[in-house]
Structures are given as structure tokens and as C-alpha cells.
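One letter stands for each residue in the lines below.
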Amino acid sequence: MNSQTTTGTVATRTGNPNATGRNTIVVPEARQALNQMKVEIANELGLSNYDQIDKGNLTSRQNGYVGGTITKRLVEFAEKNMR
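Residues numbered from 1 in each chain as written. Predicted model: local features only at pLDDT ≥ 70, side-chain atom pairs only at ≥ 80, totals over all residues. Heavy atoms only, no water.

Undergrad: Provide a residue-level description of the overall build of the protein chain, including the pertinent values.
TA: Counting secondary structure elements, the protein chain contains three helices and zero strands. The N-to-C order of helical and strand elements in the protein chain reads α-α-α. Taking all 83 residues of the protein chain together, 17% fall into the buried category. With an accessible surface of roughly 6700 Å², the protein chain has 50% of that area assigned to carbon and sulfur atoms. (Helix = DSSP H or I, 4+ residues; strand = E, 2+ residues; numbered from the N terminus. Buried < 20%, exposed > 50% of the residue type's maximum accessible area, 1.4 Å probe, protein only. Areas by Shrake-Rupley, 256 points an atom, 1.4 Å probe, with all protein chains shown as cover.)

Laid out in C-alpha cells, this is it:
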């Protein structure tokens, strides 16, 4: 596969031939913090052991709540720090 396939140069950078570039982490050190945030939010939403369970067994709504809440909190954090 060359870097000009349908996935573009992102596949070459990430090593994932299925990568679309939408979830590329710009600061690699942030990965652990984002994963911890995901687990904490899932626990708050009643999804215990979120980091250990097969996400494919959850409903779209359950997975969406976790992702949506992460986005909401990150936006709130950014807005708070811009003031």
C-alpha cells in the first residue's frame, strides 16, 4: 500500500491501514489521560469495568453516551481555560 490510497497518508503515519485520520491523537501522552477519563465517565454512567468489557456487546446508545460525555467535558474544560 502506498501513501496515496483511499486512506491517504494517515495510514502510513498511524500504521493502521483502516485509519481515517479522525481519531489521531496529536499529543501521544494524552492517550492515558483520555482512557482514564473514559473509564471514569463509564463508571458514572453505570458501566462498570468498561476498560475490560467488549464494547461490541454494548448498545450504540451506551457507547454514544460515553463518547458524548467525554466530548462535552473536554469542550467545557477548553471553554473554562480560555477565559
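Undergrad: Explain unusual backbone geometry residue by residue, including any values.
TA: With a phi close to 55°, Asn-49 is a non-glycine residue in the positive phi region. Relative to the elements of secondary structure, Asn-49 occurs in the loop between helix 2 (30–44) and helix 3 (60–82).

Undergrad: Pulling in residues and values, what's your account of the pattern of salt bridges?
TA: Between side chains of opposite charge, a pair can form as their charged atoms come close. For the structure shown, the criterion picks out one salt bridge. Taking the shortest distance from any N to any O, the salt bridge between Glu-44 and Arg-73 comes out at 2.5 Å. Of this pair, Glu-44 sits in helix 2 while Arg-73 sits in helix 3, and the two are 29 residues apart along the sequence. (Salt bridge = Lys/Arg side-chain N within 4 Å of Asp/Glu carboxyl O.)

Undergrad: Explain helix 3 residue by residue, including any values.
TA: Counted at 1.5 Å a residue, the expected span for helix 3 with its 23 residues is 33 Å, and the 33 Å between its end C-alpha atoms agrees. Among the residues making up helix 3, those that are buried are Val-66, Thr-69 and Ile-70. Structurally, helix 3 contributes buried residues whose contacts are with helix 2. (Expected span 1.5 Å × (residues − 1). Contact = heavy atoms within 4.5 Å.)

Undergrad: Tell me about the packing of aromatic side chains, and name the residues and values.
TA: Evaluation of the coordinates by the stated rule reveals zero aromatic pairs. We note Lys-55 situated over the ring of Tyr-50; from NZ or CZ to the ring centre the distance is 4.7 Å. (Phe/Tyr/Trp six-rings, centres within 6.5 Å; stacked < 30°, edge-to-face > 60°. Lys NZ or Arg CZ within 6 Å of the ring centre and 35° of its normal.)

Undergrad: I'd like a rundown of the packing of helix 2 against helix 3, residues and numbers included.
TA: At a closest axis distance of 9 Å, the pairing of helix 2 and helix 3 adopts a crossing angle of 115°. Between helix 2 and helix 3 the crossing geometry is right-handed. From helix 2, Leu-34, Met-37, Lys-38, Ile-41, Ala-42 and Glu-44 reach across to helix 3, where they touch Val-66, Thr-69, Ile-70, Arg-73 and Leu-74. When grouped by side-chain class, the residues that make up the contact of helix 2 with helix 3 number seven nonpolar, one polar and three charged. (Axes fitted to C-alpha atoms, helices over the stretch in contact; angles between N-to-C directions. Left-handed = near helix turned anticlockwise from the far one by under 90°. Nonpolar A, V, L, I, M, F, W, Y, C, P; charged D, E, K, R; others polar.)

Undergrad: Can you lay out the nonpolar core for me, pointing to particular residues and giving the numbers?
TA: A general feature of soluble globular proteins is that nonpolar side chains tend to end up buried together. Membership of the largest hydrophobic core is limited to seven residues, which are Ile-41, Ala-42, Leu-47, Tyr-50, Leu-58, Val-66 and Ile-70. Of all elements in the fold, only helix 2 and helix 3 reach the threshold of two or more residues within this core. When neighbours within four sequence positions are excluded, Ala-42 is seen to be in contact with Leu-47, Tyr-50 and Val-66. (Core = buried A, V, L, I, M, F, W, Y, C linked by side-chain atoms within 4.5 Å.)

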